[in-house]
Amino acid sequence: MSKQQILILPGDGIGPEVVPVGVEVLKAAATRFGLDLSFDSGLVGGVAIDETGQPLPEETLTKARAARAVLLGSVGGPKWDELPTANRPERGLLGLRSELELFANLRPALLFPPLAAASSLKTELVAGLDILIVRELTGGIYFGEPRGVEVVNNERRGFNTYVYSEHEIERIARVAFELAQKRGRRLCSVDKANVLEVTQLWREVVTAIAKDYPDVELSHMYVDNAGMQLVRAPKQFDVLVTGNMFGDILSDVAAMLTGSLGMLPSASLAADGSGLFEPVHGSAPDIAGEDKANPLATVLSVAMMCRYSLDAGEAADAIEAAVDAVLGAGYRTGDIASGGADEVLVGTQEMGERVLAQLEQGS
Ligand code: NAD
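Applying the stated criterion across every chain yields a total of 22 salt bridges. One salt bridge in this structure joins Lys-3 and Asp-36, with 3.1 Å as the shortest N-O distance. Placement of Lys-3 in the segment before β1 (4-11) and of Asp-36 in the loop between α1 (15-33) and β2 (37-41) is noted, with a sequence separation of 33 residues between them. Classification of Asp-36 as partly exposed rests on a relative accessible area of 33%. Taking the shortest distance from any N to any O, the salt bridge between Asp-224 and Lys-192 comes out at 3.1 Å. With Asp-224 in helix α8 (residues 223-232) and Lys-192 in the loop between β8 (186-191) and α7 (197-209), this residue pair connects regions lying 32 residues apart in the sequence. The exposure class of Asp-224 is partly exposed, given its relative accessible area of 46%. Taken together, the shared-partner salt bridges connect Asp-40, Glu-59 and Lys-63 into one network.

Here you go:
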């Protein structure tokens, strides 16, 4: 297999603390599983604004386009909060998503059994939870035109357009069906087809495509019910697929089922399988530089990178197993500690070293 290029973008706040942990884990997995990777790094977000005046410098974009996978930490922080919207650190991230045409956002909600007590739901409802939300990321109401605020009859009127074309629905649905085939072979498509024409089309297109995936059981659910079911009985789901706005909301609901932001990875994929991998959390300025950040969301993002962009499923399994083993042995960063007598409180660095040792031990 030819060399695969990885771009590392630590970003701001705790990004430069957690990303190096992810990189070490990726290098160890590459050694163990014979992956041929080359690494480059770049600037994005506030640090890029400080050094170049731009949240997404052209050089970073060029490197990102050449990479098979990008590992990003987080962007933003109080230092840049007063900047106009168009120049804020978040623009760097949004720019990457749109320039790389990352239309499929994958957000797993996986609850490692040792952490079941951290969920706001009863342990039996969430223990062993493993669901995947597939969100369309480049269309829908967040991007639809026309949009704006205008004055009509002496008052302001705001408007947005909720629009999806068939090809946009089809490509995200195919991603979701294919993921379901590799998991529990159940796909739930979430819409609001009782009210919105655009989601009636969504339902029709998803239903038509289902014929190509006879081994996947397809169901449909209205978004209000899906929100309710996610907190009532989340384990009924395997893969959920939905549009941009509903996915934004439902993936945050599902995230909280697992208890901590510090444990949540994500992937955003382009049509050719290349992608951007990042923890769901932000730059956590309140704990930045204190060796307190949980690096596991980044480590689990690296596992997703192996599985979805590097065609290295075994490496992904091994990374996840290493995380599970470290948690099982009681190691906790502050955000996932519950004060149990068998817990050992560790910092970012030590958590990373524990995962590495586990990963290397498994080889
Ligand atoms: P945040 O996710 O940074 O932090 C929320 C809370 O969770 C904080 O108390 C923080 O300490 C804690 N936390 C987050 N990640 C953690 C980790 N890995 N380990 C331990 N604790 C962790 O959200 P926020 O405070 O709303 O935002 C801070 C900055 O991050 C803002 O500038 C915001 O715009 C930016 N942000 C960036 C992204 C991104 O880069 N994708 C996402 C969300 C927010």
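Continuing now.
To continue, consider the domain arrangement of the chain. For the chain, the assigned domains read domain 1 (1-108 + 263-363) and domain 2 (130-257). Here domain 1 and domain 2 have C-alpha centroids that lie 26 Å from each other. Of the roughly 1300 Å² buried where domain 1 meets domain 2, counting both sides, 65% is carbon and sulfur surface. The three residues of domain 1 that bury the most area against domain 2 are Phe-103, Asn-105 and Arg-107, which together make up 54% of that side's buried surface. Where Arg-107 meets Asp-252, a salt bridge forms, and the shortest distance between an N and an O atom there is 3.0 Å. Counting the contacts that link domain 1 with domain 2 gives 5 residue pairs in polar contact (both at pLDDT 80 or more).

A volume near 770 Å³ is recorded for the largest pocket. Looking at the largest pocket, it is lined by 28 residues, and the ones nearest its centre are Leu-93, Leu-94, Arg-97, Arg-135 and Glu-278. The biggest single contributor to the lining of the largest pocket is helix α4 (residues 89-99), with 7 residues. Split into classes, the residues belonging to the lining of the largest pocket amount to 10 nonpolar, 10 polar and 8 charged. In terms of domain composition, the lining of the largest pocket takes at least three residues from each of domain 1 (1-108 + 263-363) and domain 2 (130-257). The computed volume of the second largest pocket comes to approximately 620 Å³. Along its surface, the second largest pocket is lined by 25 residues, and Leu-179, Lys-182, Leu-269, Arg-307 and Tyr-308 are the ones closest to its centre.

Moving on: the packing of aromatic side chains. Per the stated rule, a full pass over the model turns up 4 aromatic pairs. Between Tyr-162 and Phe-246, the ring centres sit 6.2 Å apart and the planes meet at 85°, which makes this aromatic pair edge-to-face. With Tyr-162 in the loop between β7 (155-159) and α6 (166-182) and Phe-246 in helix α9 (residues 244-257), the pair connects residues that are 84 residues apart, well separated along the chain. Take Phe-246: its relative accessible area is 9%, and that puts it in the buried class. Taken together, the ring pairs in this structure connect Tyr-162, Tyr-164, Trp-202 and Phe-246 into an aromatic cluster. The ring of Phe-103 is capped by Arg-171, whose NZ or CZ atom sits 4.2 Å from the centre of that ring.

If you walk through the whole model with that rule in mind, you get 1 cavity of 30 Å³ or more. Lining of the largest cavity is provided by Arg-107, Pro-108, Ala-109, Ile-133, Ser-251, Ala-254, Ala-255, Leu-264, Pro-265 and Val-280. Of the residues assigned to the lining of the largest cavity, the class counts are 8 nonpolar, 1 polar and 1 charged. When residues of the lining of the largest cavity are assigned to domains, at least three map to each of domain 1 (1-108 + 263-363) and domain 2 (130-257).

Another aspect to go through is the nonpolar core. If you look at the biggest cluster of nonpolar residues, it comprises 92 residues, and the most contacted ones within it are Leu-106, Val-134, Phe-177, Met-263, Ile-319 and Val-323. A per-element tally of this core places helix α10 (residues 296-308) first, with 9 residues. Residue assignment places this core across two domains, with domain 1 (1-108 + 263-363) and domain 2 (130-257) each supplying three or more. Apart from residues no more than four positions distant in its own chain, Val-323 is found in contact with Phe-112, Met-263, Leu-296, Val-299, Leu-300 and Val-355. Residues Leu-61, Ala-67, Val-70 and Leu-96 belong to the second largest nonpolar core, which totals 16 residues.

Analysis parameters
Residues numbered from 1 in each chain as written. Predicted model: local features only at pLDDT ≥ 70, side-chain atom pairs only at ≥ 80, totals over all residues. Heavy atoms only, no water. Salt bridge = Lys/Arg side-chain N within 4 Å of Asp/Glu carboxyl O. Helix = DSSP H or I, 4+ residues; strand = E, 2+ residues; numbered from the N terminus. Buried < 20%, exposed > 50% of the residue type's maximum accessible area, 1.4 Å probe, protein only. Domains from an automatic or database assignment. Buried area = accessible area lost by both parts, 1.4 Å probe. Polar contact = N/O pair within 3.5 Å; in protein donor to acceptor, adjacent residues only side chain to side chain. 1 Å grid on protein atoms, 1.4 Å probe; cavity = no way out; pocket = protein on both sides within 12 Å on 5 of 7 lines; lining within 4 Å. Points joined across faces, edges and corners; volume = space filled by probe spheres on them. Nonpolar A, V, L, I, M, F, W, Y, C, P; charged D, E, K, R; others polar. Phe/Tyr/Trp six-rings, centres within 6.5 Å; stacked < 30°, edge-to-face > 60°. Lys NZ or Arg CZ within 6 Å of the ring centre and 35° of its normal. Core = buried A, V, L, I, M, F, W, Y, C linked by side-chain atoms within 4.5 Å. Contact = heavy atoms within 4.5 Å.

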